Amino acid sequence: MQVLYVLFAVLPVANKAISLWVSLADPGRIDSVELADIFSDFIVSGASIWALAYTRTERFGIGAKVFLFGIIASLAVGYWSVEPGNLTRDPLPLFVVLLAGLLFGRRMLWTCYGLLSLVFLEVAWLATLRGQPLSIMAVYLAQLCITYALIGLLVDHTTNALRSSYNTARIKAKELEDALTELGRVMSARESAEAALTRMQKFDTASQLAVGVIHDVANNLSVISAFAADAERLADGGVDALICAMEEISKSCEMGFDVIDRILDFAKREKSEIMVTPLSETLEHLAPLIRKLLPRRASLDIDVPDDLELAIDPAHFQHVIMNLSTNAGQAISEGGTFSISASSEECVATITIRDTGSGMDASTLRRAFEPLFSARSSSEGVGLGLAIVKELVEHAGGQVELASSPGTGTTVTVRLSAANLN
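Residues numbered from 1 in each chain as written. Predicted model: local features only at pLDDT ≥ 70, side-chain atom pairs only at ≥ 80, totals over all residues. Heavy atoms only, no water.

Regarding its fold elements, the protein chain presents twelve helices and seven strands. Counting the 422 residues in the protein chain, one finds 36% classified as buried. The long-range share in the protein chain, meaning contacts at least 24 apart out of those at least 6 apart in sequence, stands at 74%. Roughly 24,100 Å² of accessible area belongs to the protein chain as shown, and the carbon and sulfur atoms make up 60% of that amount. (Helix = DSSP H or I, 4+ residues; strand = E, 2+ residues; numbered from the N terminus. Buried < 20%, exposed > 50% of the residue type's maximum accessible area, 1.4 Å probe, protein only. Contact = heavy atoms within 4.5 Å. Areas by Shrake-Rupley, 256 points an atom, 1.4 Å probe, with all protein chains shown as cover.)

This is the structure:
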């Protein structure tokens, strides 16, 4: 709009300035028509400058109204000697109608139409004073008013449709924004709930693991207690016997502390971070804990490449293995084999965790990954193990598959990106 105001402010004045300069050589050429035309152009220029000033102060609506009314006023002055039949050649009335409808809507559109109709009436009245037949002028006036009325109706209908579409789009955009906000809130709540479930399952597994190692801790304490009870005999045996006893006590303490450290290391809360996780080293570290989750008559078989490394958070991977070990321990409670094997191909590591337990039927298998679903009694678990395994594996960009049938055991296949320290 500012560019439009500048053009209407400069071009008419420049044009008339040139005309005046030419006319000064022959003052007789300046007649009343020429003066009216000059005065009309100065009205347009003045209104444009005024509108530009309003616009520069961010009063756009007032500036546009001043511009429109200025053009109508210039038409009222400039048309005083124009015949009605020539008005159809001037685009300014059409420009006024279009601009009023697009910028302000129905009320301003028909206000400008009414003012233009008065201008057309003025032109017809002045033409009759100059001797034109009244009937012909009435026909011209009717044609002009009807033509611009039709144009006004078309602009009115079009602008109303555009405004309706714009308002609908604004409502839809607001609804979409609200929906996105609600979705973000729901997703945040879901992430918080999933994090809480993960922590709950981790501590649940840790508590089950703690029960499994109590026996070992008790054995270590029994060794210490036995040496303490035999203190007098050891004293009679001399320094060497005492040193030997102290070494055994020290070993028992180290074993107890090692078990406790592993449980605390597994159960502590850590921030997720995808990094290189050596598979063989991690399983070697977890093996003593896995054995405590298996029944005494069950065997553990770990067969993985020494150089295979995974792209996953180490704590998450430990959590995956311990959850699956807990499930396997319950499945082979009467004895069996729990095995972990791995291979890699095209930067994808495949870890296969298999037990020879009772297996699952088809209906249980379909729901195995559902949170809080468990085919066992509540005392044996809360039904979060496999759901969290799936969540943690997919969080690392991997996949997990489950295969089982009654009497054949269960096989869990985990696929993760392989990493290389080098």
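On to the packing of helix H3 (residues 60–78) against helix H5 (residues 106–129), then. At their nearest, the axes of H3 and H5 sit 9 Å apart, and the two run at 15° to each other. If you check the angle between H3 and H5, you find them roughly parallel. Every pair of crossing elements has a handedness; the one defined by H3 and H5 is right-handed. Of the residues in H5, those touching H3 at Lys65, Leu68, Phe69, Ile72, Leu75 and Ala76 are Met108, Cys112, Leu115, Leu116, Val119 and Glu122. Residue composition of the contact of H3 with H5, grouped by class: ten nonpolar, no polar and two charged. (Axes fitted to C-alpha atoms, helices over the stretch in contact; angles between N-to-C directions. Parallel < 35°, antiparallel > 145°, perpendicular 65-115°, else oblique. Left-handed = near helix turned anticlockwise from the far one by under 90°. Nonpolar A, V, L, I, M, F, W, Y, C, P; charged D, E, K, R; others polar.)

Our next topic: the nonpolar core. In terms of nonpolar packing, the biggest core is built from 39 residues, with Leu279, Ile290, Leu310, Phe338, Ile340, Ile351 and Leu416 touching the most fellow members. With residues up to four places along the chain from it excluded, the contact list for Phe338 reads Ile290, Leu294, Ser299, Leu300, Asp301, Leu324, Ser325, Ala328, Ile332, Ile353, Arg354 and Asp355. The next biggest cluster of nonpolar side chains, apart from the first, holds 29 residues, and it includes Leu75, Val97, Tyr113 and Ala149. (Core = buried A, V, L, I, M, F, W, Y, C linked by side-chain atoms within 4.5 Å.)

Before going further, it helps to examine the packing of aromatic side chains. Applying the stated criterion across every chain yields a total of four aromatic pairs. Here Trp50 and Tyr54 contribute two aromatic rings whose centre-to-centre distance is 5.9 Å and whose plane-to-plane angle is 25°, an arrangement assigned as stacked. Taken together, the positions of Trp50 and Tyr54, both in helix H2 (residues 32–56) and four residues apart, correspond to about one turn of that helix. Overall, the relative accessible area of 16% leaves Tyr54 in the buried class. (Phe/Tyr/Trp six-rings, centres within 6.5 Å; stacked < 30°, edge-to-face > 60°.)

Pairing analysis gives six bridges linking strand E2 (residues 298–303) to strand E4 (residues 336–345), with the strands arranged parallel. Across the sheet, the residue bridging to Leu300 is Phe338, located in E4. In the sheet, E4 pairs with strand E5 (residues 348–355) via eight bridges, with the strands oriented antiparallel. Its bridge partner lying in E5, Ile340 is registered against Ile353. Joining the antiparallel neighbours E4 and E5 is a turn of two residues, in which Glu346 adopts a positive phi near 50°. (Pairing = 2+ DSSP bridges.)

The analysis is restricted to geometry; functional conclusions fall outside its scope.
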